[in-house]
Structure formats: C-alpha cells, structure tokens
Amino acid sequence: RVLDLATFLAGPFAATQLGEFGAEVIKVELPGVGDATRRFGTMTDCGDTLPWLSESRNKKCITLDLRKPDGAALLKRLVEKSDVLIENFAPGSMAKRGLGPEHLEKINPRLVYCALKGFLPGPYEKRPALDEVVQMMGGLAYMTGPSGRPLRAGTSVVDIMGGMFGAFGTVLALKQ
C-alpha cells in the first residue's frame, strides 16, 4: 500500500508507477481543493484535466487536511497499514506536523518514506524546484534551445525522471 501525498508531477508520477507495478495507491488530497493538477492543463469532456487523468490512474482518492489534528491522526492510522509514503512538500513541512520520517518510523518501522525534493541540503534547499527551473539551472535548456537562447524541453523530463528514480528507489528499499 502506497500513500501518495505528493502534488504536481514527480511524486504523483512515482506513485503512479508503483500502481502500474501492482501496488494499491491511496491519493491523499486537501479537502475542497484537491490536487493542483485537477486544475492544470487541458480540460476533458468528463470534467477532469489530462494531467490529472494521467497521474491518477490506478489510485483511490481520499481527502485529509494534514494541518488539522484529526487529519494528521487519520494519516498516522493509514501509515500503520501502509508500506510506502510519498511526499514532495517543502522541506520540514511534514516534520512540523509530526509527520516526518522520524515520527512515522515510530508508528511503522518498515515504512519506506520517499521524499522527492528539488534541492538537497545546501544553499537552495528551501527553494521550490519547478521542472523549468531545474532545466535552466542544470543546463538542459541550454542544450535544447538555439545557441544563446535556452528553451525548456518539450515535456517535464526532470519531474518524470525524478518520479522514475523515486519509484525505482522505493522498489529497491522495499526489497531491502
């Protein structure tokens, strides 16, 4: 069982891959708001966006407000019966709510906690990392565009690769 608390692409993509491999994936969304990709991209005739449909396949959805004690308590009960938790919140936001890896390990020592962050500890660790930002900072956009005119790659390759590595690392941690 995978608890998918992530939003946008890298984290949800990792959870989607685990669902493709046969895991039960529970997508946790904020009540009244849902995942951001529900409002991002091309709207379909059924009222959902293409990114949402792509990243939410094979998932069951629930809503929890982790900022409230009842929501955090319910997540902890789910953690007791889960194998994996995936999140990509700002550094320290889960720990601030008593839901960081050091807290959840006490509830379920076998839990694989996959935190997909844009930057590792260092001068940029508190910065948000959007795919385009990382493409620019890493030089990919300078390889894609014409000389002297960086251009974002045609798809979110950084997020997709991050999600793939997240899923791969999670599977290895489960095997371990």
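Description of the structure in this document. (Residues numbered from 1 in each chain as written. Predicted model: local features only at pLDDT ≥ 70, side-chain atom pairs only at ≥ 80, totals over all residues. Heavy atoms only, no water.)

1. Examining the side chain of N108
Then, in step 1: Looking at where N108 falls in the secondary structure, it is placed in the loop between helix 5 (101–107) and strand 5 (112–115).
Then, in step 2: Exposure remark for N108: the relative accessible area of 9% places this residue in the buried category.
Then, in step 3: Apart from the residues within four sequence positions on either side, N108 is in contact with V79, E80 and S82. (Helix = DSSP H or I, 4+ residues; strand = E, 2+ residues; numbered from the N terminus. Buried < 20%, exposed > 50% of the residue type's maximum accessible area, 1.4 Å probe, protein only. Contact = heavy atoms within 4.5 Å.)

2. A look at the pairing of strand 2 (residues 25–29)
Then, in step 1: Counting buried positions along strand 2 yields 5 of 5 residues, so the element is predominantly enclosed.
Then, in step 2: Residues V25, K27 and E29 of strand 2 are buried on one face, and the alternating residues I26 and V28, pointing to the opposite face, are buried as well.
Then, in step 3: For the crossover that starts at strand 1 (residues 2–4), traverses helix 1 (residues 10–20) and ends in the parallel strand 2, the hand is right-handed.
Then, in step 4: Sheet topology note: the strand 2/strand 3 (residues 59–63) ladder contains 5 bridges and is parallel. (Right-handed = clockwise from strand over helix to strand, strands pointing away. Pairing = 2+ DSSP bridges.)

3. Observations concerning the packing of aromatic side chains
Then, in step 1: The tally for this structure, following the rule as stated, stands at 2 aromatic pairs.
Then, in step 2: Relative to F40, the ring of F8 lies with its centre 6.0 Å away and its plane at 85°, an arrangement referred to as edge-to-face. Highlighted residues: F8 in the loop between strand 1 and helix 1 and F40 in the loop between strand 2 and helix 2 (50–55), separated in sequence by 32 residues.
Then, in step 3: A relative accessible area of 49% places F40 in the partly exposed class.
Then, in step 4: Between F119 and Y124, the ring centres sit 5.6 Å apart and the planes meet at 50°, which makes this aromatic pair tilted.
Then, in step 5: The partly exposed category is assigned to Y124, whose relative accessible area is 35%.
Then, in step 6: Of note, R38 hangs over the ring of W52, and the distance from its end group to the ring centre comes to 3.9 Å. (Phe/Tyr/Trp six-rings, centres within 6.5 Å; stacked < 30°, edge-to-face > 60°. Lys NZ or Arg CZ within 6 Å of the ring centre and 35° of its normal.)

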